Amino acid sequence: MNLEHICNQVCSLSKEVGLFIKTERTSNKNIHIEVKGIHDFVTYVDKTAEQKLVDGLSKILPEAGYIAEENTSTKKGEKYNWIIDPLDGTTNFIHGLPPYAISIALMENDQIILGVVYEISLDECFYAWHDSPAFLNGEIIKVSDKKDLKSSLIATGFPYYDYKRIKPFLESLEFFMVNSHGVRRLGSAATDLVYVACGRFEAFYEYSLSPWDVAAGAFIVQQAGGKVSDFKGEKNYIFGKEIVACNNFVFDEFLVSVKQFMER
Ligand code: IPD
Ligand code: CA
Ligand code: CA
């Protein structure tokens, strides 16, 4: 299987569907919003984008199945499955605010072997495949070389349904506000992750995420030389609903700090 070729095809498809998403945003149409749950929105743009992605991906790798946020296809692949978020950052999109992105990962058995995150508003395509470096629009990217937490810029997301852990989470925010360069909440977990991969952020953590939010971005962080784990420092970060991603220098110090609040 030529993963580089498949990756190029997935990047082209993402840009094509990204153009559809961007055009819908700027066309002055009334974007009808459905409410999936508290603070959880979906629009016809999310659903149509996912249908276009599934149609395109089924031509690229016909035997693969899907884990897709809007459930366009429930086909399960024996060996290969695409993990898709057709629009990560729907709330930003609805409000006309960047960033928002398409996130696509390819899983072989239970290993991610390819990831593409296309951030639509800045036209930035981040991608990697098994054994490749990570790329941004054709250029190799690497995680930052900042050495400690106090010189790190940190990204996170705010939980919008699991409020049981909100207290320790808010305490962790206070700690990072005081002990780092600052904390940002962009509203697209896939974008947060690829910004770690290219060194704009040193670290990212969030809980209550789904596989389609993190699968591609977490893979790209690792191909860019970074480290990823769940809050215990273990490997259950795709399906385990919690993730830490970091440059390799800051990882241990950052994980200890996250654990101190979120694992007590
Ligand atoms: C959301 C974004 C956001 C994160 C939420 C996700 P969606 O994805 O990634 O940054 O904080 O937890 O659900 O709903 O816009 O695809
Ligand atoms: Ca998402
Ligand atoms: Ca989404």
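Residues numbered from 1 in each chain as written. Chains lettered and ligands numbered in written order. Predicted model: local features only at pLDDT ≥ 70, side-chain atom pairs only at ≥ 80, totals over all residues. Heavy atoms only, no water.

A.B. asks: Quick question: what am I supposed to make of the domain arrangement of the protein here?
C.D. replies: Think of interface size as the accessible area that goes away when the parts come together; that is how it is often given. We note that the domain assignment places domain 1 (3–140) and domain 2 (149–262) within the protein. One C-alpha centre belongs to domain 1, the other to domain 2, and the line joining them spans 21 Å. Taken residue by residue, the interface counts 37 residues in domain 1 and 25 residues in domain 2. Summed over the three residues of domain 1 that lose the most area to domain 2, namely D88, I112 and F126, the buried surface amounts to 21% of that side. Its salt-bridge partner being E124, residue R200 comes within 2.9 Å of it at the nearest N-O pair. Where domain 1 meets domain 2, there are 8 residue pairs in polar contact (both at pLDDT 80 or more). (Domains from an automatic or database assignment. Contact = heavy atoms within 4.5 Å. Buried area = accessible area lost by both parts, 1.4 Å probe. Salt bridge = Lys/Arg side-chain N within 4 Å of Asp/Glu carboxyl O. Polar contact = N/O pair within 3.5 Å; in protein donor to acceptor, adjacent residues only side chain to side chain.)

A.B. asks: Can you help me understand the coordination of the calcium ion (ligand 2) in this one?
C.D. replies: Tetrahedral coordination by four donors places them ideally at 109.5 degrees to one another around the metal; octahedral coordination by six donors ideally gives 90 or 180 degrees. On the protein side, the calcium ion (ligand 2) has D85 (OD), D88 (OD) and D213 (OD) as donor atoms, found 2.1 to 2.2 Å from it. Along the chain, the residues that donate to the calcium ion (ligand 2) are spaced as D-x2-D-x124-D. In this structure the calcium ion (ligand 3) is found 3.7 Å away from the calcium ion (ligand 2), and D85 serves as a bridging donor for the pair. One end of the pair, D88, is in strand β4 (residues 80–88); the other, D213, is in helix α6 (residues 211–223), and 125 residues separate them in sequence. The same class applies to D88 as to D213, namely buried. (Donors = N, O, S within 2.8 Å, 3.2 Å for Na, K, Ca; no water. Helix = DSSP H or I, 4+ residues; strand = E, 2+ residues; numbered from the N terminus. Buried < 20%, exposed > 50% of the residue type's maximum accessible area, 1.4 Å probe, protein only.)

A.B. asks: I tried to follow the layout of surface pockets on my own but got confused; where do I start?
C.D. replies: If a probe as big as a water molecule is rolled over the atoms, it shows which places are left empty. Estimated volume of the second largest pocket: approximately 270 Å³. In terms of lining residues, the second largest pocket is bounded by 13 residues, among which D110, Q111, I112, Y237 and I238 are the most central. Counting residues per element, the ones that place at least two in the lining of the second largest pocket are β6 (111–119) and α6. In terms of residue count, the dominant contributor to the lining of the second largest pocket is α6 (4 residues). Looking at side-chain class alone, the lining of the second largest pocket contains 8 nonpolar, 3 polar and 2 charged residues. Mapping the lining of the second largest pocket onto the domain boundaries places at least three of its residues in each of domain 1 (3–140) and domain 2 (149–262). (1 Å grid on protein atoms, 1.4 Å probe; cavity = no way out; pocket = protein on both sides within 12 Å on 5 of 7 lines; lining within 4 Å. Points joined across faces, edges and corners; volume = space filled by probe spheres on them. Nonpolar A, V, L, I, M, F, W, Y, C, P; charged D, E, K, R; others polar.)

A.B. asks: Please explain the sheet that holds strand β12 (residues 203–207) as it appears in this structure.
C.D. replies: What links the strands of a sheet is backbone hydrogen bonding, and the strands pair in either a parallel or an antiparallel sense. Within the open sheet, the 5 strands sit side by side as β11-β10-β12-β14-β13. Their pairing is mixed. Two strands bound the open sheet, and with one partner strand each, they are β11 (182–184) and β13 (227–229). Each strand of the sheet is rotated relative to its neighbour by a mean of 15°, with strand direction disregarded. Taken together, the 3 bridges between strand β10 (residues 153–156) and β12 define a ladder with parallel strand orientation. Residue pairing in the sheet places A155 in a bridge with F204 of β12. Here helix α4 (residues 166–179) sits on the sheet and contacts β10, β11 and β12; the angle it forms with β12, its principal contact strand, is near 165°. (Pairing = 2+ DSSP bridges. Axes fitted to C-alpha atoms, helices over the stretch in contact; angles between N-to-C directions.)

A.B. asks: What should I look at first to understand the pattern of salt bridges in this one?
C.D. replies: Any two side chains of opposite charge can pair if their charged atoms end up close together. Using the criterion set out here, one finds 6 salt bridges in the structure. As a salt-bridge pair, E108 and K79 come within 3.6 Å of each other at their nearest N and O atoms. One end of the pair, E108, is in strand β5 (residues 101–108); the other, K79, is in the loop between β3 (65–68) and β4, and 29 residues separate them in sequence. Through salt bridges that share partners, R165, K232, E242 and E263 make up one connected network.

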